[in-house]
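Reading the structure
What follows is each chain in one-letter form.
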Amino acid sequence: MSHDPRPDADPLAAYPAGTQLDELRTAESFLVVAVRFWTARRLEPNAGHGDWRTGFRAAGVCDIGAACFGSFLNIIEAAAYRPITLGCPHCGDVTEDEARLLCVVGLLQRERGNDAALLLADWLPPAAVRVAADYAFGFATALSEARLTMPERRPEARPRPAAPRRFIHHVPLSVVH
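Residues numbered from 1 in each chain as written. Predicted model: local features only at pLDDT ≥ 70, side-chain atom pairs only at ≥ 80, totals over all residues. Heavy atoms only, no water.

Things to note about the pattern of salt bridges
Rule in force here: Definition used for salt bridges: Asp or Glu carboxyl oxygen within 4 Å of a side-chain nitrogen of Lys or Arg. The numbering of helices and of strands both runs from the N terminus, where a helix is a DSSP run of H or I of at least 4 residues and a strand a run of E of at least 2. Partly exposed residues are those whose accessible area sits between 20% and 50% of the maximum for their type, while under 20% is buried and over 50% is exposed, using a 1.4 Å probe and protein chains only.
Inspection of the entire model under this criterion finds 7 salt bridges. Across the salt bridge formed by Glu98 and Arg36, the nearest N and O atoms sit 2.7 Å from each other. Of this pair, Glu98 sits in helix α5 (residues 96-109) while Arg36 sits in helix α2 (residues 26-43), and the two are 62 residues apart along the sequence. On the accessibility criterion, Glu98 (2% relative accessible area) is buried.

Things to note about the nonpolar core
As a reminder, the rule being used: Among buried residues, the Ala, Val, Leu, Ile, Met, Phe, Trp, Tyr and Cys ones that are joined through side-chain atoms within 4.5 Å form a nonpolar core. In this analysis, two residues are considered to be in contact whenever any of their non-hydrogen atoms come within 4.5 Å of each other.
Counting 51 residues, the largest nonpolar core has Leu31, Phe69, Phe72 and Phe139 as its most contacted members. Those elements that provide at least two residues to this core are α2, α3 (52-58), α4 (63-79), β1 (84-87), α5, α6 (113-120) and α7 (126-145). Considering every element that reaches this core, the biggest residue donor is α7, with 9 residues. Setting aside chain neighbours within four positions, we find Phe69 in contact with Leu31, Ala34, Val35, Trp38, Trp52, Phe56 and Phe139.

Focus on the state of the cysteines
Our working definition: For this text, the term disulfide refers to a pair of cysteine sulfurs within 2.5 Å.
On inspection of all chains with the given rule, the structure shows 0 disulfides. Its sulfur unpaired, Cys68 is 7.6 Å from the next cysteine sulfur, which belongs to Cys62. Overall, Cys68 belongs to the buried group, its relative accessible area being 13%.

Some words on the side chain of Glu98
Our working rule: We define a polar contact as two N or O atoms separated by no more than 3.5 Å, with the added condition that, inside protein, one atom must be a possible hydrogen donor and the other a possible acceptor, whereas residues neighbouring each other in sequence contribute only through side-chain atom pairs.
Only 2.7 Å separates the side chain of Glu98 from the side chain of Arg36, close enough to count as a polar contact. In this structure Glu98 touches Val32, Arg36, Thr85, Leu86, Gly87 and Asp93, once residues within four positions along its chain are discounted.

Some words on the confidence of the model for the protein chain
So the rule is basically this: What pLDDT reports is the predictor's confidence in each residue, on a scale of 0 through 100.
On average, residues of the protein chain score 82 in pLDDT, and 79% of them are at 70 or above. Considering only residues more than four positions removed or in separate chains, one finds that residues 157-177, a stretch of pLDDT under 50, has 53 contacts.

A word on α2
Our working definition: Helices are assigned an expected span. That span is 1.5 Å times one less than the residue count.
For α2, with 18 residues, the first-to-last C-alpha span of 26 Å sits near the 26 Å given by 1.5 Å per residue. Considered for burial, the residues of α2 that qualify are Ala27, Glu28, Phe30, Leu31, Val32, Ala34, Val35, Arg36, Phe37, Trp38, Thr39 and Ala40.

A few points about the environment of Val105
Its place among the elements puts Val105 in helix α5. The class of Val105 is buried, set by a relative accessible area of 0%. In this structure, the C-alpha to C-alpha distance between Val105 and Phe137, residues 32 residues apart in sequence, is 7.4 Å. Once residues within four sequence positions are removed from consideration, Val105 is found in contact with Leu31, Phe139, Ala140, Leu143 and Met150.

Brief notes about the packing of α5 against α7
The test is simple: Simply put, an axis is a line fit to the C-alpha atoms, just over the touching stretch for a helix, and the angle between two N-to-C directions goes from 0 to 180 degrees. Roughly parallel covers angles under 35 degrees, roughly antiparallel covers those over 145, roughly perpendicular covers 65 to 115, and oblique covers all other angles. Polarity classes work like this: nonpolar for Ala, Val, Leu, Ile, Met, Phe, Trp, Tyr, Cys and Pro, charged for Asp, Glu, Lys and Arg, and polar for all others, with Gly in that last group.
Where α5 contacts α7, the axes come no closer than 9 Å and their chain directions differ by 75°. Classed by the angle they form, the pair α5 and α7 counts as roughly perpendicular. Where α5 abuts α7, its residues Leu101, Val105, Leu108 and Gln109 lie against Ala133, Ala136, Phe137, Phe139, Ala140, Leu143 and Ser144. Here the contact of α5 with α7 is composed, by residue class, of 9 nonpolar, 2 polar and no charged.

Brief notes about the environment of Phe72
Tracing the backbone shows Phe72 in helix α4. Along the sequence, Phe72 and Ala128 sit 56 residues apart, while their C-alpha atoms lie 9.8 Å from each other. Non-local contacts of Phe72, meaning those with residues more than four positions away in its chain, are made with Leu101, Leu120, Trp123, Ala132, Tyr135, Ala136 and Phe139.

Things to note about the packing of aromatic side chains
Stated formally: Any two rings among Phe, Tyr and Trp, with Trp reduced to its six-membered ring, count as a pair given centres within 6.5 Å; such a pair is stacked if its planes are under 30 degrees apart, edge-to-face if over 60, and tilted if neither.
Applying the stated criterion across every chain yields a total of 6 aromatic pairs. Taking the centre distance of 5.0 Å and the plane angle of 55° together, the rings of Trp52 and Phe69 count as tilted. Remark: Phe69 occurs in helix α4 and Trp52 occurs in helix α3; sequence separation between them is 17 residues. We note that Trp52, like Phe69, is buried. Geometrically, the ring pair formed by Phe56 and Phe69 is tilted, given 4.9 Å between the ring centres and 45° between the ring planes. In this pair, Phe56 is assigned in helix α3 and Phe69 in helix α4, connecting sequence segments 13 residues apart. For Phe56, a relative accessible area of 1% gives the class buried. Ring pairing ties together the aromatic residues Phe30, Trp52, Phe56, Phe69, Phe72 and Phe139, which thus form one cluster.

Okay, structure coming up:
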């Protein structure tokens, strides 16, 4: 398996610490917010968080793509090696794990499945990577069909300082009920 070392395969190069949600393009912010709402509804089902599926419908993402998204996150929830760090629905910072997810989807949209699998391997054992990658490809394709394409990110020339992260959920998705 050859690994293409281009920067968009490195979440920290593509989305350095301190990247803000309002700096993202539409497809990127859509995905981050969808993951946050999916997680928030799991953690606090009676807190009045919006339904992530509403966003998928409004964006024109097909039902199969939405189902693939849910299945992908269910696999991560069940099989993750470690807690996945996500922002709360209204947090302005993009976490490293959210950056990883953005890179995975972007790589799959550019038909770089091996690189996407390498990023997923930071979260999941090999058998789960294979299944999760299939679902991730399904929703990455559905996002593309809805014209929500992840941009190919290159690191900025100027270094960005690490921003303190506030109001971030450290979500052990493997134990969420």
